[in-house]
Amino acid sequence: MAEIETARLRLRPYTLDDLDRLSVILSNPEVMKYSPRGAIPKGKEKQVTGEILKYFIEHWEKYGFGVWAAIDKASRKLIGHCGLNCLPNTPDIEVIYRFDQSYWNQGIATEATKACLQYGFETVKLYKIIAIASPKHIASRRVMEKAGLKYEKDAHFYKINVVYYSIHRDNWQPDYF
């Protein structure tokens, strides 16, 4: 499984050893505010996080690409994740990201998303990558736009209404970090 480095991040595959730190990040209601899953119920943090980790690890094994653990190079601390995920019940591949609240508004998600797009187009040889978000999640929409994705339509995935953005390989501009 591949690893990527950007200016501030090391993106590496998740392991089960990431459970405790990721559980702290995902148990923050603000981090999960726009998640289709919603806030993780109190007392279920490790169980739910374990299910998420298992999904991410199995996705890599099944498809040869997936979601990376995002490590802050300066602190060597797990600060969230980003990567490529098969959008259920579609042929689409989505770029996803979720970061610890203390790392918001620093361009980290955009930096990670650009790295994921580059990996998707150059290594996985995808033709199109999409991203979805709650229409109210303005910060996520800005990340998509800064990374070059364009609004395409309103849609319904994961049992919620979303905005659907996409970018095709032909329209993608490499942004070497």
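Quantities reported herein were computed from a predicted structural model and do not represent experimental measurements.

Undergrad: Tell me what's going on with the overall build of the protein, and back it up with residues and numbers.
TA: From N to C terminus, the protein includes four helices and eight strands. Reading the protein from its N end, one meets helices and strands in the order β-β-α-α-β-β-β-α-β-α-β-β. Computed over C-alpha atoms, the radius of gyration of the protein comes to 15 Å, within 12% of the 16 Å expected from 2.2 N^0.38 for 177 residues, which places it in the range of a compact globule. Its C-alpha atoms give the protein principal-axis dimensions of about 45 × 35 × 35 Å. Looking at the protein as a whole, 49% of its 177 residues are labelled buried. The long-range fraction of contacts in the protein, counting pairs at least 24 apart against all pairs at least 6 apart in sequence, stands at 61%.

Undergrad: Describe the pairing of strand β6 (residues 128-133), and please don't skip the residues or the numbers.
TA: The element β6 is largely enclosed, with a buried count of five among its six residues. Sheet topology places β6 next to strand β8 (residues 160-168); six bridges connect them, and they run antiparallel. Among the inter-strand pairings, I130 is bridged to a residue of β8, identified as S166.

Undergrad: Outline the pairing of β8, listing residues and values.
TA: Note that strand β7 (residues 150-157) and β8 share seven bridges and pair antiparallel. The partner of K150 across the bridge, within β8, is S166. Counted between consecutive antiparallel strands, the loop separating β7 from β8 contains two residues, among which Y158 sits at a positive phi close to 55 degrees.

Undergrad: Give a detailed account of the side chain of S140, specifying residues and quantitative values.
TA: Turning to its location among the elements, S140 is positioned in helix α4 (residues 138-146). A distance of 2.9 Å separates the side chain of S140 from the side chain of Y97, its partner in a polar contact. Setting aside its immediate chain neighbours within four residues, S140 contacts Y97 and A133.

Undergrad: Could you give me a rundown of the environment of S102, with the residues and numbers involved?
TA: Tracing the backbone shows S102 in the loop between β5 (93-99) and α3 (108-123). Its relative accessible area of 48% is what places S102 among the partly exposed residues. Here D100 takes part through its side chain, which lies 2.5 Å from a polar atom of the side chain of S102.

Undergrad: Describe the pattern of salt bridges, and please don't skip the residues or the numbers.
TA: In a structure, side chains of opposite charge can pair up when their charged atoms sit close to one another. A full pass over the atoms with the stated rule returns nine salt bridges. The salt bridge involving R12 is made with D18; its shortest N-O contact spans 2.8 Å. The same class applies to R12 as to D18, namely buried. For the salt bridge of K54 with E58, the shortest nitrogen-to-oxygen distance reads 3.8 Å. Note that K54 and E58 are positioned in helix α2 (residues 45-63) at a spacing of four residues, about one turn of the helix.

Calculation rules
- Residues numbered from 1 in each chain as written.
- Predicted model: local features only at pLDDT ≥ 70, side-chain atom pairs only at ≥ 80, totals over all residues.
- Heavy atoms only, no water.
- Helix = DSSP H or I, 4+ residues; strand = E, 2+ residues; numbered from the N terminus.
- Rg over C-alpha atoms; globule rule 2.2 N^0.38 Å.
- Buried < 20%, exposed > 50% of the residue type's maximum accessible area, 1.4 Å probe, protein only.
- Contact = heavy atoms within 4.5 Å.
- Pairing = 2+ DSSP bridges.
- Polar contact = N/O pair within 3.5 Å; in protein donor to acceptor, adjacent residues only side chain to side chain.
- Salt bridge = Lys/Arg side-chain N within 4 Å of Asp/Glu carboxyl O.

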